[in-house]
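# Understanding the architecture of this molecule
If you want the building blocks of each chain, they are given just below.
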Amino acid sequence: MNNCNPLSVTIRKAGPEDVDRIMEIIHRATAFMHASGNPHQWSDGYPGRAQIAGDIAAGNSYVALDGHGTPVATFCLMPSPEPNYAIVHDGAWRDDRPYHVIHRIACAVRRRGIAAQCMAWCMARDSHLRADTHRDNIPMQHLLLRSGFRPVGTVFVADGTPRIAFERCPEAPENG
C-alpha cells in the first residue's frame with residue numbers, strides 16, 4: 001500500500017526475538033524491489049537469517065517501530081571498516097576518516113517517510129556515512145541523494161556484483 005501520510009517511527013536495537021519479523025520485512029521489501037524493476041538485488045536468499053542474526057549479535061541491527069510497537073522497517077548500521085569498500089572503481093572515497101555503513105535497509109509498508117526517518121536516525125549518530133546499492137534500486141538511490149549522499153564510484157560486494165558506492169561526509173577540515 002502506498003500512502004503519502006508519513007508514519008512516525010521509533011527506532012531501537014533489534015534483538016533475537018525480532019529475527020522472524022525482520023525476515024518478513026526483508027521478504028516484503030525484496031518482493032517490492034523485484035516487482036519494481038530491481039530483480040537482481042537481494043536474490044538467492046540474501047540477506048538470510050544467519051546474516052540478520054549476525055547483525056543482531058554484533059549490535060548493529062535496528063528496527064523502526066510504528067505507534068503500536070510493531071517493527072515496520074529494519075536496517076544495519078555498522079562501524080567501519082567495510083571490507084567491500086577497500087577498493088572503489090571509477091572514483092574514490094571523499095574522506096578517509098572513520099565512518100559508519102548503512103546496510104540492508106528495508107520497509108514492510110510503502111509509507112512515505114519511514115526510510116527517511118531511519119536515514120535521519122543514522123545521520124544523527126555519525127555525520128560520515130557510506131552505503132551502496134544496486135544500479136536498478138532507484139528508490140534507494142533517491143533516498144541517498146535526498147539525504148545528502150553523493151555517488152563516489154563502484155564497489156563490488158561479496159558475490160562479485162557491482163554496486164554504486166555513496167558517501168555522506170562532514171565538511172572536510174581546513175588545510176592548516
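First, a word on what this report is: a plain description of the structure on this page.

Scoring rules and cut-offs
Residues numbered from 1 in each chain as written. Predicted model: local features only at pLDDT ≥ 70, side-chain atom pairs only at ≥ 80, totals over all residues. Heavy atoms only, no water. Helix = DSSP H or I, 4+ residues; strand = E, 2+ residues; numbered from the N terminus. Rg over C-alpha atoms; globule rule 2.2 N^0.38 Å. Contact = heavy atoms within 4.5 Å. Areas by Shrake-Rupley, 256 points an atom, 1.4 Å probe, with all protein chains shown as cover. Lys, Arg positive; Asp, Glu negative; His and termini not counted. Charge placed at Lys NZ, Arg CZ, Asp CG, Glu CD. Pairing = 2+ DSSP bridges. Axes fitted to C-alpha atoms, helices over the stretch in contact; angles between N-to-C directions. 1 Å grid on protein atoms, 1.4 Å probe; cavity = no way out; pocket = protein on both sides within 12 Å on 5 of 7 lines; lining within 4 Å. Points joined across faces, edges and corners; volume = space filled by probe spheres on them. Nonpolar A, V, L, I, M, F, W, Y, C, P; charged D, E, K, R; others polar. Salt bridge = Lys/Arg side-chain N within 4 Å of Asp/Glu carboxyl O. Buried < 20%, exposed > 50% of the residue type's maximum accessible area, 1.4 Å probe, protein only. Parallel < 35°, antiparallel > 145°, perpendicular 65-115°, else oblique. Left-handed = near helix turned anticlockwise from the far one by under 90°.

## What to know about the overall build of the protein
- Within the protein, the secondary structure is distributed over 4 helices and 9 strands.
- What you see for the protein is a C-alpha radius of gyration of 16 Å, in line with the 16 Å of a compact globule of 176 residues.
- Excluding contacts between residues fewer than 6 apart, the proportion of contacts in the protein whose partners are at least 24 apart in sequence is 68%.
- For the protein, the exposed surface amounts to about 9300 Å²; the carbon and sulfur share of it is 53%.
- Positive and negative side-chain charges in the protein, numbering 18 and 18 respectively, have mean positions lying 6 Å apart.

## With respect to the sheet that holds strand β3 (residues 61-65)
- An order of β2-β3-β4-β5-β7-β9-β8 is seen for the 7 strands of this open sheet, with the pairing classed as mixed. Of all strands in the sheet, those bounded by a partner on one side alone are β2 (10-13) and β8 (150-156). On average, each strand axis in the sheet is tilted by 30° relative to the strand beside it, whichever way the strands run.
- As paired elements, strand β7 (residues 129-133) and strand β9 (residues 162-168) share 5 bridges and run antiparallel to each other. In the sheet register, Leu129 faces β9, and the bridge partner there is Arg168.
- This element, helix α1 (residues 19-35), spans β3, β4 (71-79) and β5 (100-107) of the sheet and lies at about 95° to β4.
- Lying on the sheet, helix α3 (residues 114-125) is in contact with β2, β3, β4, β5, β7 and β9; it crosses β4 at an angle near 30°.

## Section: empty space enclosed by the protein
- Applying the stated rule across the entire model yields 1 cavity of 30 Å³ or more.
- As for the largest cavity, its lining consists of Ile26, Ile52, Asp55, Ser61, Thr74, Phe75, Cys76 and Arg104.
- Contributing elements (two or more residues each) for the lining of the largest cavity: α2 (49-57) and β4.
- The greatest single-element share of the lining of the largest cavity, amounting to 3 residues, is contributed by β4.
- Here the lining of the largest cavity is built from residues that sort into 4 nonpolar, 2 polar and 2 charged.

## Side note on the pattern of salt bridges
- On inspection of all chains with the given rule, the structure shows 6 salt bridges.
- Between Asp20 and Arg49 there is a salt bridge, and its shortest N-O distance comes to 2.8 Å. Taken together, the positions of Asp20 in helix α1 and Arg49 in helix α2 put the pair 29 residues apart, joining distant regions of the chain.
- Given the relative accessible area of 49%, Asp20 is considered partly exposed.
- Here Arg104 ties to Asp55 by a salt bridge, and the two come within 2.8 Å at their closest N and O atoms. Of this pair, Arg104 sits in strand β5 while Asp55 sits in helix α2, placing them 49 residues apart in sequence.

## Side note on the packing of α3 against helix α4 (residues 138-146)
- Two elements in contact, α3 and α4, have axes separated by 10 Å at closest approach and are oriented at 45°. As judged from the angle between their axes, α3 and α4 are oblique. Two packed elements cross with a definite hand, and for α3 against α4 that hand is right-handed. Residues Ala115, Ala116 and Met119 of α3 touch α4, and the partners they reach there are Met140, Leu143 and Leu144.

## Quick word on the pairing of β4
- For β4, a buried count of 8 out of 9 residues is recorded, marking the element as mostly surrounded by other parts of the structure.
- Direction of pairing for β3 relative to β4: antiparallel, over a ladder of 5 bridges. Looking at the pairing, Ser61 lines up with Cys76 of β4.
- Here β3 folds back onto β4, and the loop between the two strands holds 5 residues, one of which, Gly69, carries a positive phi near 85°.
- Summarising the sheet, β4 and β5 pair through 6 bridges and their orientation is antiparallel.

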